[in-house]
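# Structural description and commentary
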Number of protein chains: 2
Amino acid sequence: ATAAGAGADTDVAASSSKSIYMISDGTGWTAEHSVSAALGQFEHCLVDRGCPVQTHLFSGIDDVEPLMEIVKQAAKEGAMVVYTLADPSMAEAAKQACKLWGLPSTDILGPITEAIASHLRVSPSGLPRGAPGRNIPLSDEYFRRIEAIEFTIKQDDGALPQNLHKADIILAGVSRTGKTPLSIYLAQKGYKVANVPIVMGVDLPKTLFQVDPEKVFGLTINPLVLQTIRRARAKTLGFTTEVGNINYSEMSYVRRELEFAGRIFSQNPVWPVIEVTGKAIEETAAVVLRLYQDRKHRCTMPRISKRY
Amino acid sequence: ATAAGAGADTDVAASSSKSIYMISDGTGWTAEHSVSAALGQFEHCLVDRGCPVQTHLFSGIDDVEPLMEIVKQAAKEGAMVVYTLADPSMAEAAKQACKLWGLPSTDILGPITEAIASHLRVSPSGLPRGAPGRNIPLSDEYFRRIEAIEFTIKQDDGALPQNLHKADIILAGVSRTGKTPLSIYLAQKGYKVANVPIVMGVDLPKTLFQVDPEKVFGLTINPLVLQTIRRARAKTLGFTTEVGNINYSEMSYVRRELEFAGRIFSQNPVWPVIEVTGKAIEETAAVVLRLYQDRKHRCTMPRISKRY
Ligand SMILES: Nc1ncnc2c1ncn2[C@@H]1O[C@H](COP(=O)(O)O)[C@@H](O)[C@H]1O
Ligand SMILES: Nc1ncnc2c1ncn2[C@@H]1O[C@H](COP(=O)(O)O)[C@@H](O)[C@H]1O
Ligand SMILES: [Mg+2]
Ligand SMILES: [Mg+2]
């Protein structure tokens, strides 16, 4: 039921759907991320199951006037309002305006920000990201993240096997186990990732067995689900009639290729094998990084640690 | 002050730094995203400025026993605790355990989830993502997102100009304006993105002028900042002695190349020109998508809408 074309966006509010207005003085991605996780709790009744929800994200709202306009519009639509506004007077204005119009509203970051402030015994700046004067110099992290993304793109789909030793993480799996999107997701988090396709009857690059095996991860998937994904893929690419790929989504081929991969994994017992069936990309990423950190730091409780 | 290597991770808690424990029954990315945005309010005193913070992310915690272990460890470190736990009894257990140990704690999604529940008049499922039995079928959005990522990788750096018409969004700018990471960020959100480098004296692909100009975005940047980024880049690539690139980060060249780009932009007045100086990738992405949606839907208030 999402709109055709890019980004699942649509402007046509189905009259039956409930609206959520999200307002930020920054990008709005924090509000969007939080709302979308919270909506996971209502999956049993979302689109096509009785209670469709329409979200509207307003970013860069750093002035009271547009803020009031948006709340007014929310009132017209009977929407609920969530906001992230760094300036306490803006946050207060949003709260009061919603109260006035009788709209439910939630300040998403207010409580955590207050808790952190007491914990650090430091007052929050009250300045939105992108506020004038907040000229943060380009950090090492900025450069590392960009380098990781560029590395990962160049290494996609088994390219440049001579560079596998430069990767932080190497993913191996048969076609359509989600290696590419997973690589990219991890790259965004600052890891240099290489992915190596496993194709039945094709030798893997020698370098894969020369690198530290602790950084290699095998991906596996249920054959039926893989077949579904491959069929969708074949349709997109217009594969169906192409001779070379006739087997690609055929069940016996899918099974045998997964067995072929399985044998390689058992010959390399240090590689963890991760089941991706039914997992979203970010879920598999969480599993990979937990194992990765665990192997690197050998904590009693697996965790991902970071300094700010 | 971040650890060398991947992902800015480190396990050595500087004795002076304050800890934040983040606990999720899912991936933990929502908690991480929220905490990192909230920490933006304390940038004036973070690392190297007096109050370093160490975060620890514990994902996949769907049982009381490990939850209690983590809270106990948090107590040892004098950490504060934030959590996202879908099962109300787990959330309550976290809250009570923190109270018992005297630790400040914040439930990140509880308030929004409750607000959404009253708005929709539906109870939350209480089931964490990845809970057994929650077998969500692969959605159109899943496939679209993967297709967008694969398209975007293939189109990187001006590749395949004959496919520009298939892109949702085209980014044009000189080297090191952040086209690649921006493209990837947008691709993750489901948009097919192509990026086209502008290089002084090199003709742009003809197809760029044949596509709908409303989907083309120019990127520009302050010359001094660009020079800094290019110098860092040249160092990474070991460019400095290479004759072909001797000018790449030289000020007069940087200026002239930006002017060259500026002339192209003024010849194509429909293309918005976006200033990326001092902006994080996700901030530029927010600007691009706001304009993109605005042009597509011509709302009175620019917004990004989505159905769930
Ligand atoms: N680096 C930062 N510095 C200051 N405030 C920030 C930073 N990052 C995010 N924020 C604030 O956190 C909230 C969420 O940000 P965003 O995800 O960009 O909407 C907004 O109120 C932003 O102003
Ligand atoms: N699709 C979903 N279905 C149910 N719960 C979800 C979903 N996505 C996220 N959550 C919950 O939202 C919280 C944050 O998720 P995460 O970002 O994965 O840590 C956790 O309590 C998850 O269990
Ligand atoms: Mg791939
Ligand atoms: Mg590039």
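This report concerns the structure included in the present document. (Residues numbered from 1 in each chain as written. Chains lettered and ligands numbered in written order. Predicted model: local features only at pLDDT ≥ 70, side-chain atom pairs only at ≥ 80, totals over all residues. Heavy atoms only, no water.)

## Digging into the state of the cysteines
Residues and elements named next belong to chain A.
- Applying the stated criterion to the full structure yields two disulfides over all chains.
- Shown here is the disulfide that connects Cys45 with Cys51, its sulfur atoms set 2.3 Å apart. The disulfide joining Cys45 to Cys51 has a torsion of about 65° about its S-S bond and is therefore right-handed.
- Residue classification places Cys45 among the buried residues on the basis of a relative accessible area of 8%. (Disulfide = S-S within 2.5 Å. Buried < 20%, exposed > 50% of the residue type's maximum accessible area, 1.4 Å probe, protein only.)

## A look at helix α4 (residues 110-120) of chain B
- Most of α4(B) sits inside the fold, with eight of its 11 residues counted as buried.
- Taken together, the buried positions of α4(B) are occupied by B:Gly110, B:Ile112, B:Thr113, B:Ala115, B:Ile116, B:Ala117, B:His119 and B:Leu120.
- Buried positions along α4(B) lie against β1 (18-24), α1 (29-39), β2 (53-58), β3 (80-84) and β4 (105-107) of chain A together with β4 (105-107) of chain B.
- After α4(B) finishes, the residue B:Arg121 shows a positive phi value of roughly 55°. (Helix = DSSP H or I, 4+ residues; strand = E, 2+ residues; numbered from the N terminus. Contact = heavy atoms within 4.5 Å.)

## Some thoughts on the pattern of salt bridges
Residue and element names in this part refer to chain A.
- According to the stated counting rule, one finds 16 salt bridges over all chains in the structure shown.
- Note that Glu257 is salt-bridged to Arg230, the shortest N-O span being 2.7 Å. You can see Glu257 sitting in helix α8 (residues 251-267) and its partner Arg230 sitting in helix α7 (residues 223-237), a full 27 residues away along the chain.
- Since its relative accessible area comes to 3%, Glu257 is described here as buried. (Salt bridge = Lys/Arg side-chain N within 4 Å of Asp/Glu carboxyl O.)

## A closer look at the nonpolar core
- Judged by nonpolar contacts, the single largest core of 136 residues is most densely connected at A:Ile169 and B:Ile169.
- Ignoring any residue separated from it by four or fewer positions in sequence, one finds A:Ile169 in contact with A:Leu186, A:Tyr191, A:Lys192, A:Val193, A:Ala194, A:Lys215, A:Phe217, A:Val288, A:Leu289 and A:Tyr292. (Core = buried A, V, L, I, M, F, W, Y, C linked by side-chain atoms within 4.5 Å.)

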